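Residue strings, one per chain:
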Amino acid sequence: MRVLLQRFWRDEDGAAMVEYALLVALIALVAIVGVSATGTSINAQFAKISCKISTPTAPCDQP
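Below or above, wherever it landed, is the structure these notes cover. Note that the structure is a prediction, hence the values are computed from the model and not measured.

**Considerations on the state of the cysteines**
Next, step 1: Following the criterion strictly, the structure yields 1 disulfide and no others.
Next, step 2: The disulfide partner of Cys51 is Cys60, and the gap between their sulfur atoms is 2.0 Å. Because the torsion about its S-S bond is -70°, the bridge between Cys51 and Cys60 counts as left-handed.
Next, step 3: Owing to a relative accessible area of 23%, Cys51 belongs among the partly exposed residues under this scheme.
Next, step 4: A residue is classified by how much of its surface remains accessible, and Cys60, at 4% relative accessible area, is buried.

Parameters and conventions
- Residues numbered from 1 in each chain as written.
- Predicted model: local features only at pLDDT ≥ 70, side-chain atom pairs only at ≥ 80, totals over all residues.
- Heavy atoms only, no water.
- Disulfide = S-S within 2.5 Å.
- Buried < 20%, exposed > 50% of the residue type's maximum accessible area, 1.4 Å probe, protein only.

Here's what the structure looks like:
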């Protein structure tokens, strides 16, 4: 029993897995924020293009 407890105490596989999980979560968060910001910018560009197509003489600089 004592040997099992010592082996469990020295085992670091669980700690490494937690580190990898935190790393994956951080990468996912950065990707979500980046895609969200890019999507907002692209949406504004498409709105401007749509405005120019529907009324070519109208000022389409408003967001």
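Next comes the rest of the write-up.
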